[in-house]
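Understanding the architecture of this molecule
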Amino acid sequence: MKYTQLGRTGLKVSRLVLGTMNFGPQTDEPTSHAILDAALDAGLNFVDTANVYGWGENKGRTEEIIGSWFAQGGGRREKTVLATKVYGSMSPDGETWPNHDKLSAVNIRRAVDASLKRLRTDHIDLYQFHHVDRRTPFEEIWQAVDVLVQQGKVLYAGSSNFPGYKIAQANETAARRGMVGLVSEQCLYNLAERRAEMEVVPAAQEYGLGVIPWSPLHGGLLGGVLRKEVEGGRRASGRSADALAVTSVRAQVQAYEDLLDKHGLEPGEVALAWLLTRPGVTGPIVGPRTPEQLDSALRALELELDDEVLTGLDEIFPGPGPSPEAFAW
């Protein structure tokens, strides 16, 4: 396993992040535990979740599955860098009771304690703001986080789905309070969706945040989806199905798969390996539903993409270019 520092911190994390959103809704508890064990055996120490995972009437279920895995002992918790998130409503399904969502000090305090209980641990290594809360000032957010850090319940804070200017605003506010501020940003970033390179990635680099891309295969679009259609495998759905409905995108994906066929490479592994070459990226989040999918993701760590492949990928999926030139002229 390869490791790196999380942004400007001294924390060492694996260059792949185990995403757990499928645990519960699509992957049962025994299989989820098997994936977690396999990841830890491979040296993958960075596990990401969120309080709302499990969704609907089962929100919180994913954290419970991870908590029952920690409870098995064997150094599982001590070896794991645990990240979870706060923002989404945790009110009973169908209710809209106030102060059970977003980033008020009241909800942050309540949400942390509830997550700790579900996760069966006494602290969260990386506590992430799942979305921007436009109604809560960062002064209030950092005041709540400061208390949690002093209590030992949270060690680091990170953001998710923040635009560049909010990363700057958050960290400038933290600096005025003498706090560390955000140390990571979890954003949508992959070969097919490179808008993060315009503002989010530069802001993260400027403020020393590690970039943690989610949906590195763009909902399966970059995982050999057209090949699977031909072979009668799992058909595109969700984000990838919507994208393939656009003729120009389908042509891009076909060119992508043709390029990798020429070089004998697996699309999903290349999509992950490409992200690992990008400046500022700590590691992409992989969300395996099965142990076999985890094995495929781990192989990406050993994949070295040569200049011909990297040039070909840029030609098929051109990025926006450097900022501000990309939008200024």
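Check the entry above for the structure.
Our subject in this report is the structure included herewith. (Residues numbered from 1 in each chain as written. Predicted model: local features only at pLDDT ≥ 70, side-chain atom pairs only at ≥ 80, totals over all residues. Heavy atoms only, no water.)

Focus on the pairing of strand 9 (residues 210-214)
- Of all five residues in strand 9, four are buried, a share of seventy percent or more.
- Judged from the five bridges that link them, strand 8 (residues 182-188) and strand 9 form a sheet pairing that is parallel. What sits directly across from Leu188, in strand 9, is Trp214.
- What joins strand 8 to strand 9 is helix 7 (residues 200-206), and the crossover it makes is right-handed. (Buried < 20%, exposed > 50% of the residue type's maximum accessible area, 1.4 Å probe, protein only. Helix = DSSP H or I, 4+ residues; strand = E, 2+ residues; numbered from the N terminus. Pairing = 2+ DSSP bridges. Right-handed = clockwise from strand over helix to strand, strands pointing away.)

Quick look at helix 12 (residues 291-299)
- Within helix 12 the residues assigned to the buried category are Leu294, Ala297 and Leu298. Summarising the axial view, the buried residues of helix 12 lie within an arc of 100°, below the 170-degree limit, and thus occupy one face.
- Buried residues belonging to helix 12 abut strand 3 (17-19), helix 1 (29-41), helix 11 (267-276) and strand 10 (285-286). (Arc of directions from axis to C-beta. Contact = heavy atoms within 4.5 Å.)

Topic: the side chain of His218
- Turning to its location among the elements, His218 is positioned in the loop between strand 9 and helix 8 (225-230).
- In contact with His218, other than residues within four places in its own chain, are Leu188, Asn190, Ala192, Glu193, Arg239 and Ser240.

A word on the packing of aromatic side chains
- Per the counting criterion, the structure on display carries six aromatic pairs.
- Between the aromatic rings of Tyr53 and Trp55, the centroid separation amounts to 5.4 Å while the plane-to-plane angle is 50°, which identifies the pairing as tilted.
- The exposure class of Trp55 is partly exposed, given its relative accessible area of 40%.
- Aromatic pair Tyr256 and Phe317: ring centres 5.6 Å apart, planes at 70°, arrangement edge-to-face. Of this pair, Tyr256 sits in helix 10 (residues 247-263) while Phe317 is found in the loop between helix 13 (307-316) and helix 14 (325-328), placing the two residues 61 residues apart along the sequence. (Phe/Tyr/Trp six-rings, centres within 6.5 Å; stacked < 30°, edge-to-face > 60°.)

Some thoughts on empty space enclosed by the protein
- Counted by the stated rule, this structure contains one cavity of 30 Å³ or more.
- If you trace the largest cavity, you find it lined by Leu103, Val132, Asp133, Thr136, Phe138, Ile141 and Lys166.
- Residue composition of the lining of the largest cavity, grouped by class: four nonpolar, one polar and two charged. (1 Å grid on protein atoms, 1.4 Å probe; cavity = no way out; pocket = protein on both sides within 12 Å on 5 of 7 lines; lining within 4 Å. Points joined across faces, edges and corners; volume = space filled by probe spheres on them. Nonpolar A, V, L, I, M, F, W, Y, C, P; charged D, E, K, R; others polar.)

Some thoughts on the sheet that holds strand 8
- Ordered in space as 9-8-7-6-5-4-3-10, the eight strands form an open sheet in which the pairing is parallel. Strand pairing shows two members of the sheet lacking a second neighbour, strand 9 and strand 10, which therefore form its edges.
- Where strand 5 (residues 81-86) meets strand 6 (residues 124-129), four bridges bridge the pair, whose relative direction is parallel. If you follow Ala83 over to strand 6, its bridge partner there is Leu126.

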